[in-house]
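# Remarks on the overall topology
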Amino acid sequence: AFGARGRGGARAAVAHYEPERQGINLTKMRGAGSLGHEWIHAMDHAVSVVCGGSAADLATRSPYSVKKEIPEEFFNIIKTIHDCSEYMNSAKELDKNFSSDSQGYWSSDCELLARAGACWLRDRLAAVGIQNKYLTGHSEGKYIAPHGDERQRINQAFNIWIDKAKEIGFFNQEYFLPGRSEDMNISLDTKLSVTEEMLTYDPTVEYVQVSLFDVLGEEHLKEPDEYEI
């Protein structure tokens, strides 16, 4: 959703993820740059739901009964993050100075995961010569992002999890909420009323539809100039 689910005002979030609706909301303009961060929240949610969590659960906030069903490789990312003292201390300082959440917003596992995940996406893309500011434009920052050796360790933990997820076919599973599948599978033409005039299309270019995993999976990689992003 674009500018449809948020609240206005100076302190409004530029983007957020809603587990109950499986929806990412981006503000109409400032939301650009946050899609990767919110996609990691959606992955966190999918991990929980596929492993038996409720519609509102994130894996990082799931009860033990759900967590024991979640692959170890996923929680190794959280363990690695907790072992990164600079990243953790920066998050605690942000909570001290800028958070009204008594539980700690910046140092919560779900936010630590999403911020680190956006950096991982940025680095994986950069490794093959791709820059996508709409996806990861807000990922960097002296205090909000992991850096140096800590970042490399977290990135490696993400790589191990994604390899495991692809091995077990995790992201091939559907995890629509009960009773919502029909609504959520409605065709693009019907849902968005897309018309030919709304699309920019160059008939001389051969377009290929790719997902994040097509880009990030080595078996699918192409030269950077082969992609239209």
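Now for a look at the structure at hand. Just so you know, these numbers come straight off a predicted model, no measurement behind them.

## With respect to the overall build of the protein
Looking only at helices and strands, one finds ten helices and two strands in the protein. Ordered by position in the sequence, the α and β elements of the protein form the string β-β-α-α-α-α-α-α-α-α-α-α. Here the contacts in the protein between residues at least 6 apart in sequence split such that 58% fall between residues at least 24 apart. Only carbon and sulfur atoms are counted for the fraction: they give 50% of the accessible area of the protein, which is about 13900 Å².

## Quick notes on the packing of aromatic side chains
To describe a pair of aromatic rings, you give the distance between the ring centres and the angle between the ring planes. Evaluation of the coordinates by the stated rule reveals five aromatic pairs. A ring pair is formed by phenylalanine 74 and tryptophan 161, whose centres lie 5.5 Å apart and whose planes are at 80°; its orientation type is edge-to-face. On the criterion of sequence distance, the pair formed by phenylalanine 74 in helix H3 (residues 72-82) and tryptophan 161 in helix H7 (residues 148-167) is long-range, its members being 87 residues apart. By relative accessible area, tryptophan 161 is classed as buried at 0%. Aromatic side chains tryptophan 161 and phenylalanine 170 sit 5.5 Å apart centroid to centroid with 70° between the ring planes, which places their arrangement in the edge-to-face category. On the basis of relative accessibility, which here comes to 4%, the residue phenylalanine 170 falls in the buried class.

## What about the side chain of serine 108?
As for its position among the elements, serine 108 is in the loop between helix H4 (85-98) and helix H5 (109-127). Here the side chain of serine 108 touches tyrosine 105 through a polar contact of 2.7 Å, landing on its backbone oxygen.

Definitions and cut-offs
- Residues numbered from 1 in each chain as written.
- Predicted model: local features only at pLDDT ≥ 70, side-chain atom pairs only at ≥ 80, totals over all residues.
- Heavy atoms only, no water.
- Helix = DSSP H or I, 4+ residues; strand = E, 2+ residues; numbered from the N terminus.
- Contact = heavy atoms within 4.5 Å.
- Areas by Shrake-Rupley, 256 points an atom, 1.4 Å probe, with all protein chains shown as cover.
- Phe/Tyr/Trp six-rings, centres within 6.5 Å; stacked < 30°, edge-to-face > 60°.
- Buried < 20%, exposed > 50% of the residue type's maximum accessible area, 1.4 Å probe, protein only.
- Polar contact = N/O pair within 3.5 Å; in protein donor to acceptor, adjacent residues only side chain to side chain.

Remember that the coordinates give geometry; whether it matters functionally is a separate question.
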